[in-house]
Amino acid sequence: MHTWPLKFRELSDRRVIMADDSGSYFIAHQDFVERYAVGQLSRADTAFLREKGHTFRTEGDLSHTAFMSRWAQRQYVGGGPAYVILIPTLRCDLKCSYCQVSRAPLASKGFDWSDETLEQTLGFLDQLPGDEIQIEFQGGEPFLRIDHLKAVSEFARQRFRSARFVVCTNLQTLNDDIADFIKSDDVFISTSLDGPHHVHTRNRTANPELTQEFHRNLARVIDLVGSERVSALPTIDITDPPAAEELIASYEQFGFKSLYLRPVNYQGFARKIHPAARASESWSTYYRDFIDALIAHTARTGRVMEEFYLTHCLRRILGPGADNHTDLRNPNIPSGANAVVDFNGLIYPSDEARMLARIRQVDLSIGSVAEGLDQDKLSLLAPGHINNFDPDCIHCPYQPFCGTDPIDDLSRSGRIDLPREDSWFCQRHLGVFDLAFDLLYSDDPAVQHTLSKWLGLETLPDALKPVAP
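(A) Looking closely at the sheet that holds strand β2 (residues 7-10). Read from one edge to the other, the open sheet built from three strands follows the order β2-β3-β4, with strand pairing classed as antiparallel. A strand with exactly one partner marks an edge of an open sheet, and here the two such strands are β2 and β4 (25-28). Sheet twist, expressed as the mean angle between neighbouring strand axes with direction ignored, is 25°. Sitting on the sheet, helix α1 (residues 30-37) touches β2, β3 (16-19) and β4, and the angle it makes with β3 is about 40°.

Structure representation (structure tokens):
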């Protein structure tokens, strides 16, 4: 009998999480790890590993084939809907302290798509493979060029069998033209709600009256299209974060049942105003404390509030196919079907890549809508977007659930070859996956109840929490 290689990591309570390359995992105690390491597994150990699919007798037998199938399902091979971010303008009517895109002032010239760029962008969309697409409009403030949003959406509805549009907007303006546009069932709104009034004012509007206007517009949008088509996320200044209960209350005020806790991104103007965003230790502590408060809130009130990212990571642990969030896709090879078209028509592999170009740190453009994709650049970027062969990732039990972010590595460190555990991306995700497993194996009824609600289950079955003898 052969045992598939197992990778392991010690959790906070000295229990050890072990996993193979297919993502099959279990919790073990130190004595099991020692027996495994020296090749002295007991009969009970061997029986457990065989039952959980960690062994095979001969290549091609049922156990071997099952493992290979599980491994293959963990690899993201594309083929789903195209996902394209469009930047029709870089101008914005706010001056958020943590602006990561280095927005242009409202009255600036030369930061919008020209008519020619619009037509070339439609041509680029027309050449994409497949008949499904999600288009995300970002900025700047995309509603400043609602004419471009209308032109793109009208084209996409005719070109694609299924089209979905997400407008990332600050909602400082909500006129009749915007209201008519968002009434379409295929249009969704994503906005920023940084917490209680004073925090949102400090981070984003710098004016209490503008914050009030945003609150009124957010309430009106929810009334117009329903809460299921509106999402919000807070951006957290880790040097002065909102209290967990205040942040939760600000989301419940608008009927939200999910939030995505996001740190200030070390990009754009945030580099100068929020230098603490470069490190991860304070963020991981705040994140864990917030999740504890969120679970306690659910237990105390009976109202369930999901933290999106932790729920997404749990889904990736529990099975393949949770690939909606591009940061954790693996492989995540850059392509035209998953790209960003900037205000000047240049194409980037990610939003962060265009931000690096904006501050002139490095040009990672992969083509333009005028001239098409640059296949040489795509080939050059591809190896950094897969973790299967990274010399550090291959030893990590979280590798099957995780991804890579060479663009963020470049932003923070100026290189992509630093040891994984020195990178912000790795440090953040070690903390998230450690927390996910701590919660998954917790005996606390409040934790189990909250996780089951986040995952859409009645209860968490013991089959999801295997433990070695």
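(B) Seen up close, the packing of helix α11 (residues 281-301) against helix α17 (residues 445-455). Viewed as axis vectors pointing N to C, α11 and α17 meet at an angle of 90°, and their least axial separation amounts to 9 Å. Classed by the angle they form, the pair α11 and α17 counts as roughly perpendicular. Contact with α11, carried on its side by Ile291, Leu294, Ile295, Thr298 and Ala299, involves Ala446, Val447, His449, Thr450 and Trp454 of α17 and no other residues of that element. In terms of residue class, the contact of α11 with α17 is made up of seven nonpolar, three polar and no charged.

(C) The arrangement of the packing of helix α7 (residues 197-205) against helix α8 (residues 208-225) in detail. Running from N to C, α7 and α8 cross one another at 105°; their axes reach a closest spacing of 9 Å. Taken together, α7 and α8 sit at an angle that is classed as roughly perpendicular. Contacts between α7 and α8 involve His197, His200, Thr201 and Thr205 from the former and Pro208, Leu210, Thr211, Gln212, Phe214 and His215 from the latter.

(D) Molecular detail of the packing of aromatic side chains. Under the counting rule described, the total for this entry stands at 18 aromatic pairs. Each ring, one from Phe26 and one from Phe48, has its centre 5.1 Å from the other, and the planes form 80°; the classification is edge-to-face. One end of the pair, Phe26, is in strand β4; the other, Phe48, is in helix α2 (residues 43-51), with 22 residues separating them in the sequence. The buried category is assigned to Phe26, whose relative accessible area is 0%. An aromatic cluster is built from Tyr25, Tyr398, Phe401, Phe433 and Phe437, whose rings are joined through pairwise contacts. Against the face of Trp424 rests Arg412, its NZ or CZ located 4.2 Å from the ring centre. Sitting above the plane of the Tyr309 ring, Arg428 keeps its charged end 4.6 Å from the centroid.

(E) Structural detail: the nonpolar core. Core analysis: the biggest nonpolar cluster contains 107 residues, and Leu125, Ile182, Phe290, Leu310 and Phe437 have the highest contact counts within it. Here this core takes ten residues from helix α16 (residues 424-440), the largest share from any one element. Excluding residues that lie within four positions of it along the chain, Leu310 makes contacts with Tyr287, Ile291, Val432, Leu435, Ala436, Leu439 and Trp454. Counting residues in hydrophobic clusters, the runner-up holds ten residues, among them Leu6, Met18, Val33 and Phe48.

(F) Geometry of the sheet that holds strand β15 (residues 338-341). Read from one edge of the open sheet, nine strands run β10-β9-β8-β7-β6-β15-β16-β17-β18, paired in mixed fashion. Each edge of the open sheet carries a strand with a single partner, namely β10 (230-233) and β18 (372-373). Running at roughly 125° to strand β16 (residues 346-348), helix α13 (residues 351-358) makes contact with β6 (82-86), β15 and β16 of the sheet.

(G) Spotlight on the pairing of β4. Of the two faces of β4, the one carrying Tyr25 and Ile27 and the one carrying Phe26 and Ala28 are both buried. Bridge analysis of β3 against β4 gives four bridges, and the strand direction is antiparallel. Bridge assignment links Ile17 to a residue of β4, and that residue is Ile27. Connecting β3 to the next strand, β4, in antiparallel fashion are five residues, including Gly23 with a positive phi near 90°.

(H) Expanded view of unusual backbone geometry. In the segment running from Gly139 into Gly140, the intervening peptide bond is cis, with an omega of 5°. Positionally, Gly140 belongs in the loop between β7 (132-137) and α5 (146-159). Asn330 connects to Pro331 through a cis peptide bond whose omega is -10°. Checked against the element boundaries, Pro331 lands in the loop between α12 (308-318) and β15. For Ala206, which is not glycine, the phi dihedral falls at a positive 60°. The backbone of Arg360 sits at a positive phi, close to 65°, despite the residue not being glycine. Turning to its location among the elements, Arg360 is positioned in the loop between α13 and β17 (367-368). In this structure Arg360 comes out as exposed when scored by relative accessible area, which is 78%.

(I) Molecular detail of the pairing of strand β8 (residues 162-168). Sheet topology note: the β7/β8 ladder contains six bridges and is parallel. When the bridges of β8 are listed, Ile135 appears paired with Phe165. On the question of chirality, the crossover connecting β7 to the parallel β8 by way of α5 is right-handed. In terms of strand pairing, β8 meets strand β9 (residues 187-192) through four bridges, oriented parallel. Across the sheet, residue Phe165 finds its bridge partner in β9, namely Val187.

About the cut-offs
Residue numbers here run from 1 along each chain, matching the order of that chain's written sequence. Residues qualify for local features only when their pLDDT is at least 70, as the model is predicted, and side-chain atom pairs are given and counted only at 80 or more; totals for whole chains, interfaces and linings, by contrast, use all residues. Excluding hydrogens and water, the side-chain figures rest on all heavy atoms present in the structure. Any two strands with at least two DSSP bridges between them are considered paired. Runs of E in the DSSP output that reach at least two residues are strands. Runs of H or I that reach at least four are helices, and both are numbered from the N terminus. Lines fitted to the C-alpha atoms define the axes, with helices restricted to the stretch that makes contact. Angles between their N-to-C directions range from 0 to 180 degrees. When checking whether two residues touch, look at their non-hydrogen atoms; a contact exists if any pair is within 4.5 Å. With respect to orientation, any angle under 35 degrees is reported as roughly parallel, any angle over 145 as roughly antiparallel, any angle of 65 to 115 as roughly perpendicular, and every other angle as oblique. Note on residue classes: Ala, Val, Leu, Ile, Met, Phe, Trp, Tyr, Cys and Pro are nonpolar, Asp, Glu, Lys and Arg are charged, and everything else, Gly too, is polar. Only the six-membered ring of Trp is used, alongside the rings of Phe and Tyr, when aromatic pairs are assigned; centres must lie within 6.5 Å, and planes under 30 degrees apart are stacked while those over 60 apart are edge-to-face, with the rest tilted. Exposure categories follow from relative accessible area, calculated using a 1.4 Å probe and restricted to protein chains: below 20% of the type maximum is buried, above 50% is exposed, and the middle band is partly exposed. Lysine NZ or arginine CZ positioned within 6 Å of the ring centre and within 35 degrees of the ring normal marks a charge as sitting over the ring. To define a nonpolar core, start from buried Ala, Val, Leu, Ile, Met, Phe, Trp, Tyr and Cys residues and group those joined through side-chain atoms within 4.5 Å. Crossover handedness is defined here as right-handed if the route from the first strand over the helix to the second strand goes clockwise, with the strands pointing away from the viewer.

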